[in-house]
Amino acid sequence: MEIGEGAGGPGGPDGPGIRFGCASFNQDSTSLALGTKTNYKLFSLTMVEKLDCIHESAETPDVYIVERLFSSSLVVVVSTAMPQRMNIYHFKKGTEICNYSYPDKILAVKLNRQRLVVCLEESIYIHNIKDMKLLKTLLNTPSNPSGLCALSVNHSNSYLAYPGSATIGEIIVYDANNLSTLTMIPAHDSPLAALTFNASATKLASASEKGTVIRVFSIPEGLRLFEFRRGMKRYVNISSLSFSPDGQFLCASSNTETVHIFKMEQMGPSGGDEAATWTSYVGKMFSAASSYFPAQVSGMMSQDRAFATVHLLTSGQRNVCTLATIQKLPRLLVATADGQLFIYNVDPQDGGECMLAQKHRLFGVDDDQGEGTELEGSKVTGPVQACPSYAATAALPASGPITATLTGYSEDGGAKKGEVIPEHEFAAGPVCLDDENEFPPINWCRDGTGGGQARRS
């Protein structure tokens with residue numbers, strides 16, 4: 001989940017003057033990626049008191065998408081300077097692995113250990129992340145100007161969710177491993193605003209543009225499991241949804257000052273772990289009675305209030321939230337569009353108001369002092385800095401670069417006749433992008449590696 005320019009974030013219409021274009025947590029919320037006017041930064045989230053900047057790139061102007069693959073060295077970057085091109089880097093080696101260009105502006109990039117998904121306004125491209133081969137192009141998808149989509153972290157499933165309509169809240173759930181549609185979920189009456197899977201890809205949460213109701217569905221069946229009411233007094237813009245690592249909690253942030261945390265707690269006779277409280281008794285009564293009422297009424301009966309809440313210091317700005325375990329305790333993390341990261345303690349037993357544990361600035365003193373020169377620096381078009389090529393630094397075994405051409409790939413992965421992408425370096429052997437202790441390794445081989453163009457078939 002991320003704050004992004006494509007979704008009207010800090011680089012978009014509702015965030016003038018903000019000096020970064022996106023903020024995103026990686027798949028297991030162990031790091032935070034930040035795209036700025038001049039580069040991108042990666043922060044480690046292993047401690048509450050200390051925020052370590054583990055990488056700061058060389059000049060990459062106006063980054064509005066940056067996604068890191070778990071704790072690996074693979075980072076995907078898109079800049080407003082070239083919004084149709086996706087660059088993939090090995091940030092620890094300081095090398096570019098490859099780049100791909102698309103017919104229109106890239107609005108979102110999602111990745112797990114099996115698939116890399118690129119979302120445009122009216123099409124979606126699915127790549128095999130191990131060699132970047134284009135496996136499938138979903139053309140003529142409903143207009144999706146915010147690039148809303150979600151990819152499951154669980155790579156054994158690789159479920160992809162995206163809007164099935166531009167006018168109502170339909171969700172298409174697509175199997176990105178088997179390249180087939182699983183189901184269509186009629187989730188909301190209004191267009192979708194947020195989507196997220198839990199870690200095991202057994203649940204999918206959604207919210208609409210009205211922002212009053214959040215629903216959770218079973219995957220792959222698409223059955224409604226939970227319905228939470230965020231509020232009834234006003235419509236809000238929900239900017240992010242995120243499950244806790246164990247899937248028991250769901251947090252939702254919006255353009256208001258309140259972040260809500262909901263608990264996945266079934267109500268009914270089987271709920272043996274529930275205390276015999278007045279609220280649980282009334283809840284069971286409503287649940288039992290709901291079958292006798294019309295659908296609209298019974299839906300109201302099944303909605304739950306927030307289990308825990310956070311009240312931010314400001315409202316009206318986009319933010320992104322996630323639930324994570326840091327130093328063995330459950331935490332809520334909120335990155336705001338004014339460049340701050342808030343870490344809250346969450347009581348998993350009693351809920352209630354979460355206590356602020358730490359606040360971090362994502363920009364240091366040097367960044368603030370350099371604000372007047374950042375825009376100028378981003379426009380410098382001097383000579384490209386000489387650096388070792390990808391083949392020279394990453395090939396195993398080490399050998400000189402080999403100049404070759406890469407044929408384009410069609411939707412089924414086969415080579416296209418007559419379409420050639422020239423002047424690309426290939427590594428002479430397989431390349432392991434991940435560190436030695438990271439799993440699974442990702443091999444980019446000579447017959448599949450390369451920069452290229454994702455073409456419509």
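Higher on the page you've got the structure.
Every chain's residues receive numbers from 1 upward, in the order its sequence appears when written. pLDDT decides what is reported in this predicted model: residues at 70 or higher carry local features, side-chain atom pairs at 80 or more are listed and counted, and totals for whole chains, interfaces and linings draw on all residues regardless. In computing side-chain values, all of the structure's heavy atoms are included and hydrogens and water are not.

A separate point is the pairing of strand β28 (residues 329-336). Burial here depends on accessible area, computed with a 1.4 Å probe over protein chains only, as a share of the maximum for the residue type. Under 20% is buried, over 50% is exposed, and the range in between is partly exposed. Each helix corresponds to a stretch of at least 4 residues labelled H or I by DSSP, and each strand to a stretch of at least 2 residues labelled E; elements are numbered beginning at the N terminus. Taking burial as the measure, the eight residues of β28 include six buried ones, the bulk of the element. Any two strands with at least two DSSP bridges between them are considered paired. When strand β27 (residues 319-326) meets β28, the two strands line up antiparallel, connected through eight bridges. Each residue of the ladder has a partner; that of asparagine 319, found in β28, is threonine 336. Pairing geometry for β28 and strand β29 (residues 340-345), over six bridges, is antiparallel. Across the sheet, leucine 332 pairs through a bridge with tyrosine 344, a residue of β29. What sits between the antiparallel neighbours β28 and β29 is a turn of three residues, in which glycine 339 has the positive phi angle 85°.

The topology assignment puts cysteine 251 in strand β23 (residues 249-254). On the basis of relative accessibility, which here comes to 0%, the residue cysteine 251 falls in the buried class. For the pair cysteine 251 and alanine 308, spaced 57 residues apart in the sequence, the C-alpha separation amounts to 9.0 Å. Every residue pair with non-hydrogen atoms within 4.5 Å of one another is taken to be in contact. When sequence neighbours within four positions are dropped, the list of residues in contact with cysteine 251 reads Ser240, Leu241, Ser242, His260, Ile261, Cys321, Thr322, Leu323 and Leu332.

Let us now look at the pattern of salt bridges. A carboxyl oxygen of Asp or Glu within 4 Å of a side-chain nitrogen of Lys or Arg is what we treat as a salt bridge. Overall, the coordinates contain four salt bridges when judged by the stated rule. Close ionic contact of arginine 224 with glutamate 227 constitutes a salt bridge, the shortest N to O distance being 2.7 Å. For glutamate 227, a relative accessible area of 3% puts it in the buried group. Residues glutamate 265 and lysine 263 are paired through a salt bridge, measuring 3.8 Å at the closest nitrogen-oxygen approach.

Another point: the nonpolar core. For the purposes of this section, nonpolar cores are sets of buried Ala, Val, Leu, Ile, Met, Phe, Trp, Tyr and Cys residues that join through side-chain atoms within 4.5 Å. The biggest cluster of nonpolar side chains holds 23 residues, and the ones touching the most others in it are Met86, Ile88, Ile106, Val109, Leu116 and Val118. By size, the runner-up hydrophobic cluster in this structure holds 17 residues, among which are Ala23, Ile326, Ala335 and Phe363.

A word on the sheet that holds strand β14 (residues 150-151). Strands in a sheet are paired, the pairing made by backbone hydrogen bonds, and the direction either parallel or antiparallel. In space, the four strands of this open sheet follow the order β14-β15-β16-β17, with antiparallel pairing throughout. Each edge of the sheet is formed by a strand with only one pairing partner; in this case those strands are β14 and β17 (180-188). Across seven bridges, strand β16 (residues 169-175) lies against β17 in antiparallel orientation. By the bridge assignment for β17, isoleucine 171 is matched with isoleucine 185.

Another point: the packing of aromatic side chains. For Phe, Tyr and Trp, rings pair up if their centres lie within 6.5 Å, where Trp contributes its six-membered ring, and each pair is then called stacked (planes under 30 degrees apart), edge-to-face (over 60) or tilted (otherwise). Within the structure shown, the criterion is met by six aromatic pairs. Residues tyrosine 40 and tyrosine 89 carry aromatic rings whose centres are separated by 6.4 Å and whose planes lie at 25° to one another, so their mutual orientation is stacked. Note that tyrosine 40 is positioned in strand β4 (residues 40-44) and tyrosine 89 in strand β8 (residues 82-90), a separation of 49 residues in sequence. In this pair, the class of tyrosine 40 matches that of tyrosine 89, namely buried. Judged by centre distance (6.4 Å) and plane angle (25°), the rings of phenylalanine 342 and tyrosine 344 are stacked. An identical accessibility class is assigned to phenylalanine 342 and tyrosine 344; each is buried. Through successive ring pairs, a cluster of aromatic residues spans Phe226, Phe228 and Phe262. Whether a charge sits over a ring depends on NZ of Lys or CZ of Arg being within 6 Å of the ring centre and within 35 degrees of the ring normal. Over the aromatic face of tyrosine 64 sits the side chain of lysine 105, whose NZ or CZ is 5.2 Å from the ring centroid. Taking NZ or CZ as reference, arginine 113 lies 3.8 Å from the ring centre of phenylalanine 70, over its face.

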